[in-house]
Amino acid sequence: MINIVVFASGSGTNFQSIIDAVEEGKINGRIRGLITNKTDIQSIERARKHNIPHVTIYPGAFDNQSEYVDTLLTRLANWETDLIVLAGYMLKIPSAVIENYEGKIINIHPSLLPKYGGKGFYGINVHQAVLENEEQESGCTVHIVTEEYDEGPVLAQRKVPVYDTDDAEELAKRVLKQEHQLLPEVIAKLANKHSKT
Ligand SMILES: Nc1nc2c(c(=O)[nH]1)N[C@@H](CN(C=O)c1ccc(C(=O)N[C@@H](CCC(=O)O)C(=O)O)cc1)CN2
Ligand SMILES: NCC(=O)N[C@@H]1O[C@H](COP(=O)([O-])[O-])[C@@H](O)[C@H]1O
């Protein structure tokens with residue numbers, strides 16, 4: 001059974017979709033823990049309600065980057081992590097973590113990468129850029145996490161139409177609905193592959 005650790009920075013609706021899929025038996029895995037970079041976010045409440053351990057780890061709490069990275073790696077090892085899922089996580093995953101979990105970190109991004117990815121493209125900013133460019137379609141992407149933001153191999157995507165009448169919030173809502181389907185589907189496939197190894 002695959003051990004999953006989720007990273008989140010905000011409301012955690014994608015985190016909730018993973019929780020639901022695990023509890024419904026759609027993902028052959030267990031969520032060993034939640035790591036956040038903030039303390040006052042709904043993701044933490046979601047973890048508490050579902051008896052999922054949580055820890056807040058953020059760079060500013062440490063004297064240097066090395067202590068921060070070591071703390072992340074120790075926590076991930078203690079949870080016997082097989083798969084890391086970035087679910088609305090807004091900080092860059094350090095290189096050392098990527099090296100230790102190469103190919104085992106995935107991220108959900110609210111655009112059709114490679115379009116509208118990279119530094120500055122997070123949350124509502126992504127949808128605003130899509131509308132500013134008068135795109136006819138958008139969507140979401142699950143990809144492998146690599147050194148730079150949003151450059152890793154794409155695992156899966158889902159498309160949504162963009163309407164002339166859309167504002168950023170309406171588009172975000174339409175994309176988010178697809179994220180909640182796509183992310184658990186990808187994790188379920190990775191979990192099944194893991195169970196065969
Ligand atoms: N090493 C990696 N770390 C992360 C990746 C990645 O692909 N490689 N993906 C991001 C998630 N993400 C898009 O999907 C993303 C998140 C945040 C940013 C960004 O520009 N952040 C700002 C800071 C925002 C804040 O502090 O709230 C910044 O770096 O200036 C871009 C893309 C997660 N980590
Ligand atoms: N570049 C990263 C990024 O923009 N991620 C996006 O943040 C939102 C988090 O929502 P949630 O906290 O409700 O899951 C989601 O739309 C996710 O795709």
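For clarity, every value in this text was computed on a predicted model and none was experimentally measured. (Residues numbered from 1 in each chain as written. Chains lettered and ligands numbered in written order. Predicted model: local features only at pLDDT ≥ 70, side-chain atom pairs only at ≥ 80, totals over all residues. Heavy atoms only, no water.)

**Let's talk about the UniProt feature "site: Raises pKa of active site His" (unreviewed entry) in the chain**
(1) Moving on: Summarizing the sequence annotation, UniProt attributes the feature "site: Raises pKa of active site His" (unreviewed entry) to Asp150 in the numbering used throughout.
(2) Moving on: Within the element layout of this structure, Asp150 appears in the loop between β6 (137-144) and β7 (154-161).
(3) Moving on: Exposure remark for Asp150: the relative accessible area of 15% places this residue in the buried category.
(4) Moving on: Every residue in contact with Asp150, bar those within four places of it in the chain, is listed here: Asn107, His109, Leu113, Gly117, Gly118, Phe121 and His143. (UniProt positions renumbered as here; feature names shortened; annotations may be inferred. Helix = DSSP H or I, 4+ residues; strand = E, 2+ residues; numbered from the N terminus. Buried < 20%, exposed > 50% of the residue type's maximum accessible area, 1.4 Å probe, protein only. Contact = heavy atoms within 4.5 Å.)

**Considerations on helix α3 (residues 65-78)**
(1) Moving on: Counted at 1.5 Å a residue, the expected span for α3 with its 14 residues is 20 Å, and the 20 Å between its end C-alpha atoms agrees.
(2) Moving on: Among the residues making up α3, those that are buried are Tyr68, Val69, Leu72, Leu73 and Leu76. The arc that holds every buried residue of α3, seen down its axis, measures 125°, which confines them to one face.
(3) Moving on: At the C-terminal side of α3, Glu80 shows a positive phi close to 50°. (Expected span 1.5 Å × (residues − 1). Arc of directions from axis to C-beta.)

**Some words on the site of ligand 1**
(1) Moving on: Every one of the 21 residues lining ligand 1 counts as a neighbour, but Leu91, Asn107, Lys119, Gly120 and Tyr149 are closest to it.
(2) Moving on: Taking Ile93, its main chain carries an N or O atom lying 2.9 Å from a nitrogen atom of ligand 1.
(3) Moving on: Separating a nitrogen atom of ligand 1 from a backbone N or O atom of Glu148 is a distance of 3.5 Å.
(4) Moving on: Looking at the shell around ligand 1 residue by residue, the class counts come to ten nonpolar, six polar and five charged. (Near = heavy atom within 4 Å. Polar contact = N/O pair within 3.5 Å; in protein donor to acceptor, adjacent residues only side chain to side chain. Nonpolar A, V, L, I, M, F, W, Y, C, P; charged D, E, K, R; others polar.)

**Quick look at the sheet that holds strand β4 (residues 83-86)**
Strands in a sheet are paired, the pairing made by backbone hydrogen bonds, and the direction either parallel or antiparallel.
(1) Moving on: Read from one edge of the open sheet, seven strands run β3-β2-β1-β4-β5-β6-β7, paired in mixed fashion. Taken across any chain shown, the strands that pair with only one partner, and hence form the sheet edges, are β3 (54-56) and β7. Averaged over all neighbouring strand pairs, the angle between strand axes comes to 20°, with direction disregarded.
(2) Moving on: Where strand β1 (residues 2-8) meets β4, four bridges bridge the pair, whose relative direction is parallel. (Pairing = 2+ DSSP bridges. Axes fitted to C-alpha atoms, helices over the stretch in contact; angles between N-to-C directions.)

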